[in-house]
Amino acid sequence: MAALYGALEAGRVGIFESPTGTGKSLSLICGALSWLRDFEEKKRQEEARLLALEDSGEEGTKQLTSAEPGRLESKDSAGEPDWVTAFVKKKEEQAVVDRLKEEQIRRKKREDRLEKIRHNVQLKYAAKRKRSEEDETKRLLQLSKEVLSEGAEVDVLEQLDHNEEELILAEYESDEEKKMVSGLEEDDDDVEEEHVTKIYYCSRTHSQLSQFVREVQKSPFGKGTRLVSLGSRQNLCVNEEVRRLGALQLINDRCMEMQKNKHEKKSDEEIEGKKRRVSRTVCPFYSYEQMQFLRDEILVEVKDIEQLVALGRETKACPYYGSRYAIPAAQLVVLPYQMLLHEPTRSAAGIKLKDQIVIIDEAHNLIDTITCIHSAEVSGSQLCCAHSQLLQYMERYRKRLKAKNLMYIKQILYLLERFVAMLGGNVSQNPSCQAVSQTGTVLKSINDFLFQSQIDNINLFKVQRYCEKSLISRKLFGFVERYGGPATAVKTNKENQKLAGLQNFLLTLQQGSDKEASTFQTPPMEAENDQLRNASPLMQIEGFLSALTNINQDGRVILNRQGTVGQSSLKFLLLNPAVHFAKVVEECRAVIIAGGTMQPVADFREQLLSCAGVDPARVVEFSCGHVIPPENILPIIFCSGPSNQQLEFTYQTRDLPQMMDETGRILCNLCNVVPGGVVCFFPSYEYEKQVYAYWEKTGLLTRLATKKKIFQEPKKANQVEQVLVEYAKCIKRCSQAGGQMTGALLLSVVGGKMSEGINFSDDLGRCVIMVGMPYPNIKSPELQEKMTWLDKTMPRAAGQAPSRVLIENLCMKAVNQSIGRAIRHQKDFASILLLDHRYARPAIFNKLPQWIRERTQVKPAFGSAFAELRKFHRGKSDAL
């Protein structure tokens, strides 16, 4: 906490490491909020001093500003008369004082408002009663409309036809950026509310953020802190009609469209007499008055995402926008990684980082996160499907679209055509039936890709802006929903018959993908992605177009040609994540990168901070040990097995029968002495599967099963929970029964679902085993390109090439994450076994977390290692 306080005060960039179970979250809360409390107090004292000086200094100012007649004027070093200099200085001082007075008035107004809400329950009931009255009025109006429309069936049919108006693109007025229509009253004082100094805390998942908010609620700062939780529309939307869309991009676009409809409603009403008014759907929760009420409720009391959504439903106000209105006055803003690290999202959310504090927790994979957020991939099927949809859309509405819309649609169609051509295909043919002549992976620089695909003459910035402003992907999705889906009833008039081609094409695409999935065994997609990719591929393609606007040297385009055009893909790979992190560290007063396992930190220093232009003197590192006593952990490096076979699991040796036999013998021995649960990590799913099949064949699996019930980590995410529940039940049952079976053995995979975020505390993880070293696949074209880029741009460290350092760091980050699954609290105990003699090499050994490294024993012979292990677990069992 003291180190954190010091880093914030000095405006540093800090890399903080604190193992799980040591109170990391609470330390971050208390250290950061203590600094903020002191900072605010100092600021108030400084304001009071300046205002007091202003009140007492009026007489002296008058003398300074009036020069005596007949007296020669002296001049300052700039050649200006003294009275001019004094006047300018006085004007500047007065401006500061005026600003401070305004801030005081605003702060007082906000505090009074929140205090009133906090203590005046009647105000809440009055607001609730008003909402009920409004709901009743809306219900009566709806009943009246239904009664009036009973005898007008023809008009209703006409109105249904007119709903198609919503699918037509509005006139695109300008290529230049326009201010977003905010829908706020211009004369409201809160519109221009200034952002107070605050802390932005971000983490990876919404569950981690909710856990952090609960820690804040329990802390000494739980009552007086103005905290706001931010999330995506997917997490915060309370409009059931929109939530049902499922996919995030569809929810986003529908929400934006409903807002646009709200703002266009007035102009529609003005011209109602001139032409038939189109009925446009607006969101009932997007009410400025109600969202202002929700904003104040958020600031009065600390709430997590779930509580915020419940409050939004109760108050009939949108939590997504209500929480954003609370940002300026908030002291602590809790948000997911993507919202902070992606600049367009940050901007749209109204997040201003200038002179603020940013704390990024669970930051061990920060570099990968930034790379993933700014990378994009599209398949040949998506490109062909988008081209077909857009072409049909243009043909149907050609007469209704303005010239500028047609121009941009034609540009997008041309881009899609050229992208498919780069994969060796033709957009007019079914991608699933087009074989690719030259399969393989090719990497190109952005410029080379643009030139070779013959699109270098198109301004991608303008196309990207058009897609964003016109909501074309949303319109296209609505069009496909109306006419494209096989389940949709299509009217049999002449115009609709023209769309049969689109329907049939989508159907063949779907069948084609099913055929591919069975033939080539491609991994099943998530339901959300499946829905999105089939329904509106243009949404995915927009991300790829945006990625192509990066600077040439910061990324590469990967052409992955596989079997058919449909299976092939284009991917943008970001090589330099620092370009997107630079603005964060430049604007913020201080940035803290924190995690339970941050070793090795060289990646953060060199790839992220150094490349982002951060002065090394500004970077501070802090790592604390664990709270467990030294005797509660036993880390051992095994250099050889029971038959004296050296343990070295390289790609060349790990498949050898003797290596798999030796690994099995080690596990049999360990399971005889380790109680409870044993978690064994393999470098990959393929290797785990291979070893399992070999042990099954040799009978070793049967021997293991006499002591521990064997579980395997599933590949599918939705099956993980079930396996973990069964694993835990088995351990509990064995511990109570006390028979020959002493627990369970879980065969897991490094980088899999169980190597991060899963808690193997107490009996669930009495021993964690790492089989070999999980080096990444250096034959991967993406990794090779990253290595080449690093060798060209980064200096050699201690005689080692940057690419070599990268490989070792990726390996050890994965190891550290996996072995960190055990030892989760102060009284926990476990053994950590590393099966490979290479862990003893200094370059590798020094990359282990400090609290593990300082207690690790290197054992050349299996006998002494096993004796140490037996002694450790017997001692602990006796103590229990």
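Cut-offs used in this document
Residues numbered from 1 in each chain as written. Predicted model: local features only at pLDDT ≥ 70, side-chain atom pairs only at ≥ 80, totals over all residues. Heavy atoms only, no water. Helix = DSSP H or I, 4+ residues; strand = E, 2+ residues; numbered from the N terminus. Buried < 20%, exposed > 50% of the residue type's maximum accessible area, 1.4 Å probe, protein only. Contact = heavy atoms within 4.5 Å. Pairing = 2+ DSSP bridges. Phe/Tyr/Trp six-rings, centres within 6.5 Å; stacked < 30°, edge-to-face > 60°. Lys NZ or Arg CZ within 6 Å of the ring centre and 35° of its normal. Axes fitted to C-alpha atoms, helices over the stretch in contact; angles between N-to-C directions. Parallel < 35°, antiparallel > 145°, perpendicular 65-115°, else oblique. Left-handed = near helix turned anticlockwise from the far one by under 90°. Core = buried A, V, L, I, M, F, W, Y, C linked by side-chain atoms within 4.5 Å. pLDDT = per-residue confidence, 0-100. Salt bridge = Lys/Arg side-chain N within 4 Å of Asp/Glu carboxyl O.

Q: Honestly, the overall build of the protein chain in this entry has me stumped. Any pointers?
A: Of regular secondary structure, the protein chain possesses 36 helices and 18 strands. Looking at the protein chain as a whole, 50% of its 880 residues are labelled buried. Once local pairs closer than 6 in sequence are excluded, the contacts in the protein chain between residues at least 24 apart make up 81%.

Q: Even after reading the chapter, I still don't get the pairing of strand β13 (residues 676-682), so can you show me in this structure?
A: The side chains of a regular strand alternate between the sheet's two faces. Across the 7 residues of β13, 7 count as buried, placing the element largely inside the fold. Where β13 and strand β15 (residues 743-749) come together, 7 bridges link them in parallel fashion. Paired with Val-678 across the two strands is Leu-745, which belongs to β15.

Q: Would you mind showing me how to read the packing of aromatic side chains here?
A: The geometry of two aromatic rings is summed up by the distance between their centres and the angle between their planes. For the structure on display, the rule yields 20 aromatic pairs. Seen in terms of ring centroids, Phe-638 and Phe-862 are 5.7 Å apart; in terms of plane orientation they differ by 50°. Their pairing is tilted. Of this pair, Phe-638 sits in strand β12 (residues 633-638) while Phe-862 sits in helix α36 (residues 862-879); the two residues are 224 residues apart in sequence, bridging distant segments of the chain. Through a chain of ring-to-ring contacts, the aromatic side chains of Tyr-286, Tyr-320 and Tyr-321 assemble into a single cluster. Here the basic side chain of Arg-766 rests over the ring of Phe-829, its NZ or CZ set 3.8 Å away from the ring centre.

Q: Got a minute to help me understand the packing of helix α27 (residues 602-610) against helix α33 (residues 802-819) in this structure?
A: Between two packed helices, both the angle of their axes relative to each other and the distance between the axes serve to describe the pair. As a packed pair, α27 and α33 sit with axes 11 Å apart at the nearest point and diverge in direction by 125°. When the interaxial angle is binned, α27 and α33 end up oblique. Note that α27 runs across α33; the crossing there is left-handed. Between α27, through Ala-602, Asp-603, Phe-604 and Gln-607, and α33, the contact on the second element is made entirely by Leu-806, Asn-809 and Lys-813.

Q: Looking at this structure, I do not really get the nonpolar core. What am I missing?
A: The nonpolar side chains of soluble globular proteins are, as a tendency, buried together. One finds Ile-360, Leu-366 and Phe-581 to be the most contacted residues of the largest nonpolar core, which totals 70 residues. What Leu-366 contacts, discounting residues up to four positions off in sequence, is Leu-341, Ile-360, Phe-581, Ile-593, Phe-604 and Leu-608.

Q: For this particular structure, what's the right way to read helix α25 (residues 537-547)?
A: The periodicity of an α-helix, 3.6 residues per turn, causes residues three or four places apart in sequence to face the same way. Among the 11 residues in α25, 8 count as buried, and that is most of the element. Every buried residue belonging to α25 is among Pro-537, Leu-538, Met-539, Ile-541, Glu-542, Phe-544, Leu-545 and Ala-547, and all of these are buried.

Q: How should I be thinking about the sheet that holds strand β6 (residues 376-379) in this particular structure?
A: The strands that make up a sheet are held in pairs by hydrogen bonds between backbone atoms, and each pair lies either parallel or antiparallel. Across the sheet, 4 strands lie side by side as β6-β9-β8-β7; this open sheet has antiparallel pairing. At either end of the open sheet lies a strand with only one pairing partner, and these are β6 and β7 (440-445). In this sheet, adjacent strand axes meet at a mean angle of 15° when their direction is disregarded. Looking at chain direction, β7 and strand β8 (residues 555-562) are connected through 6 bridges and run antiparallel.

Q: What exactly am I supposed to notice about the sheet that holds strand β16 (residues 767-771) here?
A: What the 7 strands build is an open sheet, ordered β14-β15-β13-β16-β17-β12-β18; its pairing is parallel. Of all the strands in the sheet, the pair left with one neighbour each is β14 (708-712) and β18 (857-859). Taken over all neighbouring pairs, the strand axes of this sheet differ in orientation by 20° on average, direction set aside. Sheet topology places β13 next to β16; 4 bridges connect them, and they run parallel.

Q: Please explain the environment of Glu-468 as it appears in this structure.
A: With respect to the helices and strands, Glu-468 occurs in helix α20 (residues 460-470). Considered as a pair, Glu-468 and Asp-253 are 215 residues apart in the sequence and their alpha carbons are 9.6 Å apart.

Q: Help me understand the confidence of the model for the protein chain, please; the structure alone is not making it clear to me.
A: Do not read the predicted coordinates in detail wherever pLDDT is low. With 78% of its residues at a pLDDT of at least 70, the protein chain reaches an overall mean of 80. Note that pLDDT drops below 50 for residues 59-75; the model gives that stretch 11 contacts with residues more than four away or on any other chain.

Q: Help me understand unusual backbone geometry, please; the structure alone is not making it clear to me.
A: Excluding glycine, most residues fall at negative phi; most peptide bonds, likewise, are trans. That bond from Gln-599 to Pro-600 is cis: its omega, -10°, falls within 30 degrees of zero. If you trace the backbone, Pro-600 turns up in the loop between β10 (590-595) and α27. Of note in this structure, Leu-471 is not a glycine but carries a positive phi near 55°. Structurally, Leu-471 can be placed in the loop between α20 and α21 (472-483). Located in the positive-phi region is Asn-644, a residue other than glycine, with phi close to 70°. For Asn-644, the position within the fold is in the loop between β12 and α28 (657-673).

Q: Whenever I open this one, the packing of helix α18 (residues 403-422) against α25 confuses me. Can you help?
A: Two elements in contact, α18 and α25, have axes whose closest approach is 12 Å; the angle formed by their N-to-C orientations is 80°. Here α18 is positioned roughly perpendicular relative to α25, judged by the angle of their axes. Side by side, α18 and α25 meet where Ile-412, Leu-415, Leu-416 and Phe-419 of the first sit next to Leu-538, Ile-541, Phe-544 and Leu-545 of the second.

Q: It is not clear to me how the pattern of salt bridges should be interpreted in this structure. Could you clarify?
A: Should the charged atoms of two oppositely charged side chains come close, the side chains can pair. Summed over all chains, the structure comprises 24 salt bridges. In this structure, the salt-bridge partner of Lys-42 is Glu-9, at a minimum N-O distance of 3.6 Å. Of the two residues, Lys-42 is situated in helix α2 (residues 24-56) and Glu-9 in helix α1 (residues 2-10); the sequence distance between them amounts to 33 residues. Since its relative accessible area comes to 43%, Lys-42 is described here as partly exposed.

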